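# Analysis of the macromolecular model
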Amino acid sequence: MTPIARPNPVINCPLTAAWAAVGGKWKLTIIYWLAERPRHFAALRRQLDAVSDGISPKVLAQQLRELMADGILTQDRTGSAPAPVFYSLTRYGESVLPMLELVRLWGKGHIERSRMPPTEGVHPAVSCSRAGDGRSRDDLVTR
């Protein structure tokens, strides 16, 4: 059965499209561990439990279904039930890895920053498509 791709909740907004596909508490972490090697459900759950407060089987199954529906993961059956089903990244799923690495590096810096005393000057919130000062978000990223 081929999963049906899920719709983008905000039409024509690339940020919400990306967030719908890989956002939330678990998806980037699932992708991170599957980038290392394919894993079966139980091994993936054990890996996630080892680095967090745990994930329920129901939530993991839902996250995996959503990632498959978006074409990011595939499942490979190794035989008839109860043989393990291995999950792996698709070629399209591998296209998420550069972004995942940037998020990982940003998170590392954020952890380090949160250990430092507060600094003055908080950046204002910006909209999805404009930086608020006439520059596009692409201009901000390339600075």
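The structure contained in this document is the topic of the report that follows. The structure presented is a predicted model; accordingly, all values stated were derived computationally and were not measured.

## A word on the overall build of the protein
- Counting its regular elements, the protein contains seven helices and three strands.
- What you see in the protein, going N to C, is helices and strands ordered as α-α-β-α-α-β-β-α-α-α.
- The 143 residues of the protein split such that 24% are buried.
- Considering only contacts within the protein whose residues lie at least 6 apart along the sequence, 43% involve residues at least 24 apart.
- Accessible area of the protein: about 10200 Å², with a carbon and sulfur share of 60%.

## A closer look at the packing of helix α2 (residues 27-36) against helix α3 (residues 41-50)
- Their axes nearest at 11 Å, the elements α2 and α3 cross at an angle of 115°. As for how α2 packs across α3, the hand of that crossing is right-handed. Across the interface between the two elements, T29, I30, W33 and L34 of α2 pack against L44, Q47 and L48 of α3.
- The residue makeup of the contact of α2 with α3, split by class, is five nonpolar, two polar and no charged.

## As for the nonpolar core
- I30, I31, L44, L48, I72 and L73 are the most contacted members of the largest nonpolar core, which has 21 residues in total.
- Looking at this core, the elements with two or more residues in it are α1 (14-22), α2, α3, α4 (57-69) and β3 (85-89).
- For I31, the contacting residues outside a window of four places in its chain are V22, L67, I72, L89, V96, L97 and L100.

## As for the pairing of β3
- The element β3 is largely enclosed, with a buried count of four among its five residues.
- With two bridges connecting them, strand β1 (residues 39-40) and β3 associate as antiparallel partners. In the sheet register, H40 faces β3, and the bridge partner there is F86.
- Here five bridges tie strand β2 (residues 73-77) to β3, and the two strands are oriented antiparallel to one another. For R77, the partnering residue across the bridge sits in β3 and is V85.

## Concerning the pattern of salt bridges
- Enumeration according to the criterion identifies five salt bridges in this entry.
- The partner of E36 in a salt bridge is R37, and the shortest N-O contact between them spans 2.8 Å.
- The salt bridge involving E101 is made with R104; its shortest N-O contact spans 2.8 Å. Of this pair, E101 and R104 are both found in helix α6 (residues 97-114), three residues apart, which corresponds to roughly one turn of the helix.
- Since its relative accessible area comes to 32%, E101 is described here as partly exposed.
- On the basis of relative accessible area, R104 is assigned to the partly exposed category, the value being 38%.
- Among the ionic contacts, a cluster of salt bridges with common partners joins E36, R37 and R39.

Here is what the cut-offs are and how they apply
Residues numbered from 1 in each chain as written. Predicted model: local features only at pLDDT ≥ 70, side-chain atom pairs only at ≥ 80, totals over all residues. Heavy atoms only, no water. Helix = DSSP H or I, 4+ residues; strand = E, 2+ residues; numbered from the N terminus. Buried < 20%, exposed > 50% of the residue type's maximum accessible area, 1.4 Å probe, protein only. Contact = heavy atoms within 4.5 Å. Areas by Shrake-Rupley, 256 points an atom, 1.4 Å probe, with all protein chains shown as cover. Axes fitted to C-alpha atoms, helices over the stretch in contact; angles between N-to-C directions. Left-handed = near helix turned anticlockwise from the far one by under 90°. Nonpolar A, V, L, I, M, F, W, Y, C, P; charged D, E, K, R; others polar. Core = buried A, V, L, I, M, F, W, Y, C linked by side-chain atoms within 4.5 Å. Pairing = 2+ DSSP bridges. Salt bridge = Lys/Arg side-chain N within 4 Å of Asp/Glu carboxyl O.

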